[in-house]
Amino acid sequence: MMDDNNLVRHLDACETMGNATAICSDKTGTLTTNRMTVVQSYIGGVHYKQVPNFETLAANFRELIVWGIAINSGYTSRIQLSDDGGLPAQLGNKTECALLGFVLDMKQSYESVRQEVTEEHLTKVYTFNSVRKSMSTVIPTNKGYRLFTKGASEIVLKKCTHILDCKGQVLPFSPEDQDKIVKTVIEPMASDGLRTICLAYKDFVKGESEGVNDVTFSEEPDWEEEGDIVKGLTCLLVVGIEDPVRPEVPNAIKKCQRAGICVRMVTGDNVNTARSIATKCGILDPNEDFLVIDGKEFNKRILDEDGEVSQELFDKVWPKLRVLARSSPQDKYVLVKGIIDSKMSTAREVVAVTGDGTNDGPALKKADVGFAMGISGTDVAKEASDIILTDDNFTSIVKAVMWGRNVYDSIAKFLQFQLTVNVVAVLVAFLGACIIDDSPLRAIQMLWVNLIMDTLASLALATELPSEELLERKPYGRTKALISRTMTKNIIGHAIYQLTVIFCLLFLGPQFFDIDSGIGGDIHSPPTQHFTIIFNTFVMMTLCNEVNARKIHGQRNILEGLQRNPVFIVIWIGTFIAQIVLVQVGGSVFYTKGLTLEQWFWCIFLGIGDLIWGQLVTTVPTSAIPKNVCRRLRGRHEEDEEVDHDIMMEEEDVGGRRGQILWVRGLTRLQQQIRVVNAFRMGLDARFDSNSMSSVHSYHSLQNPKIRKSKPMSSPSVDEGATAETQFKN
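Bear in mind the structure is a predicted one, so any value in this text is a computation, not a measurement.

1. Section: the sheet that holds strand S18 (residues 351-355)
Spatially, the eight strands line up as an open sheet ordered S1-S20-S19-S18-S2-S15-S17-S16, and their pairing is mixed. Of all the strands in the sheet, just strand S1 (6-8) and strand S16 (291-294) have a single pairing partner and so form its edges. Neighbour to neighbour, the strand axes of the sheet diverge by 20° on average, direction disregarded. Both strand S2 (residues 22-25) and S18 contribute to a ladder of three bridges, which runs parallel. The residue bridging Cys24 from the neighbouring strand is Val353, located in S18. Across the sheet, helix H1 (residues 11-18) is in contact with S1, S2, S18, strand S19 (369-373) and strand S20 (387-389); its angle to S19 comes to roughly 110°.

2. Details of the nonpolar core
Soluble globular proteins: nonpolar side chains tend toward being buried together. Within the largest apolar cluster, 46 residues are counted, with the highest numbers of intra-cluster contacts made by Phe535, Phe538 and Val539. Looking at this core, the elements with two or more residues in it are helix H15 (395-435), helix H16 (443-462), helix H17 (485-513), helix H18 (529-548), helix H19 (566-585) and helix H21 (597-619). Here this core gets ten residues from one element, more than from any other, and that element is H18. Apart from residues no more than four positions distant in its own chain, Phe535 is found in contact with Leu441, Gln445, Trp448, Val449, Gln579, Leu582, Val583 and Thr592. In this structure, Ala70, Ala98, Leu99 and Leu100 belong to the second largest nonpolar core, which totals 37 residues.

3. Let's talk about the packing of H1 against H15
Interaxial distance between H1 and H15 falls to 6 Å at its minimum, and their mutual angle equals 95°. By the criterion of interaxial angle, the relationship of H1 to H15 is roughly perpendicular. Counted together, Cys14, Glu15, Met17 and Gly18 of H1 and Ile397, Ala400, Val401, Trp403, Gly404, Arg405, Val407, Tyr408 and Ile411 of H15 form the full contact between these two elements. Of the residues in the contact of H1 with H15, the class split is nine nonpolar, two polar and two charged.

4. Focus on the side chain of Asn72
Summarising the element assignment, Asn72 is placed in the loop between helix H2 (59-71) and strand S5 (78-80). The buried category is assigned to Asn72, whose relative accessible area is 0%. There is a polar contact of 3.4 Å between the side chain of Asn72 and the backbone oxygen of Phe148.

5. Focus on a negative patch on the surface
Together, Asp304, Glu305, Asp306 and Glu308 make up a negatively charged patch on the protein surface. Inspection of the secondary structure assignment puts Asp306 in the loop between helix H10 (295-302) and helix H11 (311-314).

6. As for the pattern of salt bridges
Following the criterion strictly, the structure yields 20 salt bridges and no others. Residues Arg473 and Asp409 are paired through a salt bridge, measuring 3.4 Å at the closest nitrogen-oxygen approach. Remark: Asp409 occurs in helix H15 and Arg473 occurs in the loop between H16 and H17; sequence separation between them is 64 residues. What you see here is one network of salt bridges that share partners, running through Asp26, Lys332 and Asp360.

7. Structural notes on unusual backbone geometry
Most peptide bonds adopt trans geometry, and most residues besides glycine take a negative phi value. For Asn34, which is not glycine, the phi torsion reads 60° and is therefore positive. Considering the arrangement of structural elements, one finds Asn34 in the loop between S2 and strand S3 (37-43). The phi dihedral of Asp514 is positive, around 55°, even though this residue is not glycine. Secondary-structure assignment places Asp514 in the loop between H17 and H18.

8. Observations concerning the environment of Leu482
By the secondary structure assignment, Leu482 is in the loop between H16 and H17. When neighbours within four sequence positions are excluded, Leu482 is seen to be in contact with Tyr408, Ile411, Leu415 and Met487.

9. So, the pairing of strand S14 (residues 233-242)
Most of S14 sits inside the fold, with nine of its ten residues counted as buried. Of the pairings in the sheet, the one linking S3 to S14 comprises six bridges and is antiparallel in character. For Thr37, the partnering residue across the bridge sits in S14 and is Glu242. Examined bridge by bridge, strand S10 (residues 160-164) and S14 share three bridges and lie parallel to one another. Looking at the pairing, Cys160 lines up with Leu233 of S14.

What counts, and where the lines are drawn
- Residues numbered from 1 in each chain as written.
- Predicted model: local features only at pLDDT ≥ 70, side-chain atom pairs only at ≥ 80, totals over all residues.
- Heavy atoms only, no water.
- Pairing = 2+ DSSP bridges.
- Helix = DSSP H or I, 4+ residues; strand = E, 2+ residues; numbered from the N terminus.
- Axes fitted to C-alpha atoms, helices over the stretch in contact; angles between N-to-C directions.
- Contact = heavy atoms within 4.5 Å.
- Core = buried A, V, L, I, M, F, W, Y, C linked by side-chain atoms within 4.5 Å.
- Buried < 20%, exposed > 50% of the residue type's maximum accessible area, 1.4 Å probe, protein only.
- Parallel < 35°, antiparallel > 145°, perpendicular 65-115°, else oblique.
- Nonpolar A, V, L, I, M, F, W, Y, C, P; charged D, E, K, R; others polar.
- Polar contact = N/O pair within 3.5 Å; in protein donor to acceptor, adjacent residues only side chain to side chain.
- Patch = residues over 30% accessible without salt bridge, like charges linked within 9 Å, V, L, I, M, F, W, Y side chains within 5 Å.
- Areas by Shrake-Rupley, 256 points an atom, 1.4 Å probe, with all protein chains shown as cover.
- Salt bridge = Lys/Arg side-chain N within 4 Å of Asp/Glu carboxyl O.
- Lys, Arg positive; Asp, Glu negative; His and termini not counted.
- Charge placed at Lys NZ, Arg CZ, Asp CG, Glu CD.

Written out as structure tokens, the structure reads:
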């Protein structure tokens, strides 16, 4: 999985991902390339769809734009030119790098501004967060202070009261003007899949005001009052930033949808941008009844009268929800938790979520599988995750799904093969002992069969690499029985064939092959060809059934993909050769007698018959197996899940409660046994050290008050030995 850019931190997450039914994915960097570029801009009432000529802009704009972008960005964000003439490297925040690149495209230098105004000269910085959706920086000027603000366009525009026209003159900016820009500029940009950012400024002048948009002050403003500082702004420009969809993402999302996994986008962009990107990715299907809402509308729909999340209201929203825009980390957490807790589907949803920020930690921890970004992700996000995507690419999640399903199917394949061999071997040994007072399979032969069944088969069946075929079925869900009805049908069907063949050889073999019967022989009698044929045929059928066990979903082409698993081929051929050697030269050690070429032919023919029989078993409809068979296998698990449900909801980690309880019980029992052994040892040691008798007795008396009351103090050695022995027996 590491080769597929999946760094697995928690091993159980791999198998869980195979049963994922929903993926809540970020947009930036996961579905897109995270290489942002300004492709459109709105400056002074003019909508530019390419980089504007800096010299044609009004004089007021020039300094404000360059200074506003260079200063009101993290100084760690910068553009590093490539030495080999390739694309410049974007270091730091990608949105800020897009704005800095916009300055460079206009043939201007942001570095010279930063050298003039260093970080030490900044008066106040309001850093970007998911609540304010903007960043503001205050710098000193000759006449007072200047505030630069950038952020989500619809949010920053509402804080603007003025705007600059094409000549650089300040004009009033009414709510009607704001709505007009939203409809004519921002919404078209967003419909093209662009992230819209608005830049604004505000001057604080000490003394008399020179401009209509200046704010005068006599005493230095209280910079901690952000609400009073960041308002009454003057709009500078609106830019549209393009973050192209990764070319491989649409195909990856189609694979997820075909595999029964619903992909939802959770992003901080506005609704129109998110809708456009989701359409390009294939998350939104025009023929499907879907829901695209923002965080505000989402909370309005799921909160009850008391302001608490109602699961009943939530269940009306999430099945159709495909895009959640302008969302906060809390919205992502509520979405993940609500889907996991929902009981609308009988199988229950298994949710995976992606995240890269510090605030994504709760959602990553709550999800069944949390994916953190290895490149852009913070350390907090990585610590809270189960799997780290080293390339920040959504296609790596699809590979994780394939690996998870491959792990699950490998276990199921091995179980199907192992249970078939177990059923046949046990029944042959039992019925043979009942009918002919002897088992056709000797102990040493059973050991060899067990070696095939346990060790070699596990290696052969568990080493097959995942394939696209794994994505052609729906997820199993939380409560699906490990042994499915198809597997049950295969186990019973192949067991019937193998038992029929073995008992036909047992009773009719001597006449058919014209050999002496091995029935009724003495316990020390030499090996016979009769029982050797039975043993050899059983192994041949087992080897052929190993090929059948590669498919557990009723596929007819059992050889499909066999060439991709050289380990299986080597083990199968090696086992076949070892069986030939064992039969021909095993002698009295393995209780075998060499077979003729004709006898070998019949053994192999009957073994291959298991492959043909497997096609007949596949023809039998799975519905012929009662559902109650599988329900009994999983019934206890479902009951435990219902009993422990309330407890699980109180805990942060809801996985594996029953396993943890059994683990704690086993650990407690082990600790008790250790204490008993120590007590017994101390009692024995006390016999050789009379000086320690009183201390040993005191120790055991403290451990067991009943013994302290009932046992006399006169004979400590006998009392302690008896006490320890009694405890040990108990």
